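One-letter residues, chain by chain:
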Amino acid sequence: MQWQALARKLRAENLALQQLLGMVKDQNAIYTTARIIAGSGGALSNMLVVNSGEKNGIRKGQVVISDLGVIGRISEVSSRSSRVRLLTDVDSRVPVWIEKNRTLAIVAGNNAAGTKLIHLPQGGRVTLNARIITSGQGGAFP
């Protein structure tokens, strides 16, 4: 009973916060789980190949997420597999917000383990462990 009461309280709090944010749930969102079957990381590209394709509803341009958030986008699709261009790929550019101060910037890949922020406005500040979220501008990422 104690856990049930806590769950109800957290659910009510979650709904209240969603309403404050004006959050709109995407009722059409469909998630497909895939396993990485190959990867390339190097001087020329950062890509993964996953074991889901057109037969699983995968389409070019779809966003790929992990437990840590957005990691890339589907760049090529075959019937049973797909290629994922990672955010760390040198050709990857994603418009983002720095959540704390709502500053716009672009996350750019550099074929290294991480990414870099470019086009950060003069005086724009980013702190260690700042949460960076996709802005939705450009229509590629939600």
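Residues numbered from 1 in each chain as written. Predicted model: local features only at pLDDT ≥ 70, side-chain atom pairs only at ≥ 80, totals over all residues. Heavy atoms only, no water.

Some words on the pattern of salt bridges
Close approach of charged atoms allows side chains of opposite charge to pair. Inclusion rule: Note on definitions: salt bridges are taken to be side-chain nitrogens of Lys or Arg within 4 Å of carboxyl oxygens of Asp or Glu. Three labels apply to residues, based on accessible area from a 1.4 Å probe with only protein chains included: buried if under 20% of the type maximum, exposed if over 50%, partly exposed otherwise in between.
For the coordinates displayed, the defined rule picks out four salt bridges. One salt bridge connects Asp89 with Arg85, and the closest N-O pair in it is separated by 2.9 Å. The class for Arg85 is partly exposed, based on a relative accessible area of 27%. Asp91 serves as the salt-bridge partner of Arg85, at 3.9 Å between the closest nitrogen and oxygen. Salt bridges linked by common partners bring Arg85, Asp89 and Asp91 together as one network.

A look at the pairing of strand β4 (residues 69–77)
Which entries qualify depends on this criterion: A strand pair is defined by DSSP finding two or more bridges across the two strands. Secondary structure is summarised from DSSP: a helix means a run of H or I of at least four residues, a strand means a run of E of at least two, and numbering begins at the N terminus for each.
The pairing of strand β3 (residues 63–66) with β4 spans four bridges and is antiparallel. Paired with Val64 across the strands is Gly72, a residue of β4. Between β3 and β4, which follow one another and run antiparallel, lie two residues. The hairpin turn running from β4 into strand β5 (residues 82–86), its antiparallel successor, is four residues long.

Considering the packing of aromatic side chains
Selection criterion: Aromatic contacts are taken between Phe, Tyr and Trp rings whose centres are within 6.5 Å, Trp giving its six-membered ring; a plane angle under 30 degrees counts as stacked, one over 60 as edge-to-face, and the others as tilted. Only Lys NZ and Arg CZ are tested; either one counts as a charge over a ring when it is within 6 Å of the ring centre and within 35 degrees of the ring normal.
Counting across every chain of the model gives zero aromatic pairs. Seen from the ring of Trp97, Arg102 lies directly overhead, with NZ or CZ sitting 4.3 Å from the centre.

Focus: the environment of Glu54
The criterion, for reference: Whether two residues are in contact is decided by their heavy atoms, any of which lying within 4.5 Å being enough.
Mapped onto the secondary structure, Glu54 falls in the loop between β2 (46–50) and β3. For the pair Glu54 and Ser82, spaced 28 residues apart in sequence, the C-alpha separation works out to 8.3 Å. Ignoring sequence-local partners within four residues, the contact set of Glu54 consists of Arg59, Val77, Ser78 and Ser79.

Observations concerning helix α1 (residues 2–21)
For clarity, the threshold we go by: For a helix, the expected span equals 1.5 Å multiplied by the residue count minus one.
Counted at 1.5 Å a residue, the expected span for α1 with its 20 residues is 28 Å, and the 29 Å between its end C-alpha atoms agrees. Backbone geometry just after α1 places Gly22 at a positive phi near 70°.

Description of a nonpolar patch on the surface
Under the convention used in this document: The residues that make up patches have over 30% relative accessible area and no salt bridge, and they are joined within 9 Å when like-charged or within 5 Å when they are Val, Leu, Ile, Met, Phe, Trp or Tyr. Each accessible area value is a Shrake-Rupley result obtained with a 1.4 Å probe; residue values ignore everything except the protein chains displayed when judging cover.
The grouping of Trp3, Leu6 and Leu10 at the surface amounts to a nonpolar patch, some 380 Å² of accessible area in total. Note on placement: Leu6 falls in helix α1. The partly exposed category is assigned to Leu6, whose relative accessible area is 37%.

Thoughts on the confidence of the model for the chain
What counts here: As a per-residue measure, pLDDT tells how confident the predictor is, with possible values from 0 to 100.
Residues of the chain with pLDDT of at least 70 account for 96%, and the chain-wide mean is 87. No element of the chain has a lower mean pLDDT than strand β1 (residues 36–41), at 84, and none a higher one than β5, at 95.

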